[in-house]
Amino acid sequence: MPSVPLRPAKIAVARNGVGAYIFQCRKMVFHYCERSGSSQGMIEYLKNGLVQFARKNPQIEIVVKPRPSKHPVIRGIYLNGNDKVICVRNLDTATIAEKVHQIRDSSGKKADKRFKKPVLSTTESVRGIWSPFHTKQHVI
């Protein structure tokens, strides 16, 4: 009986959103200064809004670190290894909550260039194709 080569089983390609959605943000780090006036909104958010956000999103690791004499920032670290940093100086708690949701919902990919298509033209250049024979000959 001839042997029939076995074909590998087809493996379904995982697509985020089919079945279960996995947030790409795995960790959020909140930096703030305890004395700075630009951190007042961040301190209020840490006291009031962060606990609710952490309860709703248990899959995201939350880290709070004081950073003396610096403006407050929120750093999102993603599954693909990239990170995104947003400065939240002098912002109120509602705006900071929007920024936190923006970091949570972001994919972590770097921004691509919008216009990648090459320039198409009937003429290759306005001045034409350069050639070394267009200039004066050099005398040595």
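In case you missed it, the structure is sitting above this.
Residues numbered from 1 in each chain as written. Predicted model: local features only at pLDDT ≥ 70, side-chain atom pairs only at ≥ 80, totals over all residues. Heavy atoms only, no water.

Participant: Go over the overall build of the protein chain, please, and point to the residues and values.
Facilitator: In terms of regular secondary structure, the protein chain is built from 3 helices and 4 strands. Across the protein chain, helices and strands are ordered from the amino to the carboxyl terminus as β-α-α-β-β-β-α. The buried share of the protein chain, reckoned over its 140 residues, is 26%. For the protein chain, restricting intrachain contacts to residue pairs at least 6 apart in sequence, the fraction spanning at least 24 positions comes to 66%. Accessible surface for the protein chain amounts to roughly 11,700 Å². Of this, 55% is attributable to carbon and sulfur atoms. (Helix = DSSP H or I, 4+ residues; strand = E, 2+ residues; numbered from the N terminus. Buried < 20%, exposed > 50% of the residue type's maximum accessible area, 1.4 Å probe, protein only. Contact = heavy atoms within 4.5 Å. Areas by Shrake-Rupley, 256 points an atom, 1.4 Å probe, with all protein chains shown as cover.)

Participant: If you had to explain the side chain of Asn57 to someone new, which residues and values would you point to?
Facilitator: Turning to its location among the elements, Asn57 is positioned in the loop between α2 (50-56) and β2 (61-66). Judged by its relative accessible area of 3%, Asn57 falls in the buried class. In this structure Asn57 touches Phe23 and Arg104, once residues within four positions along its chain are discounted.

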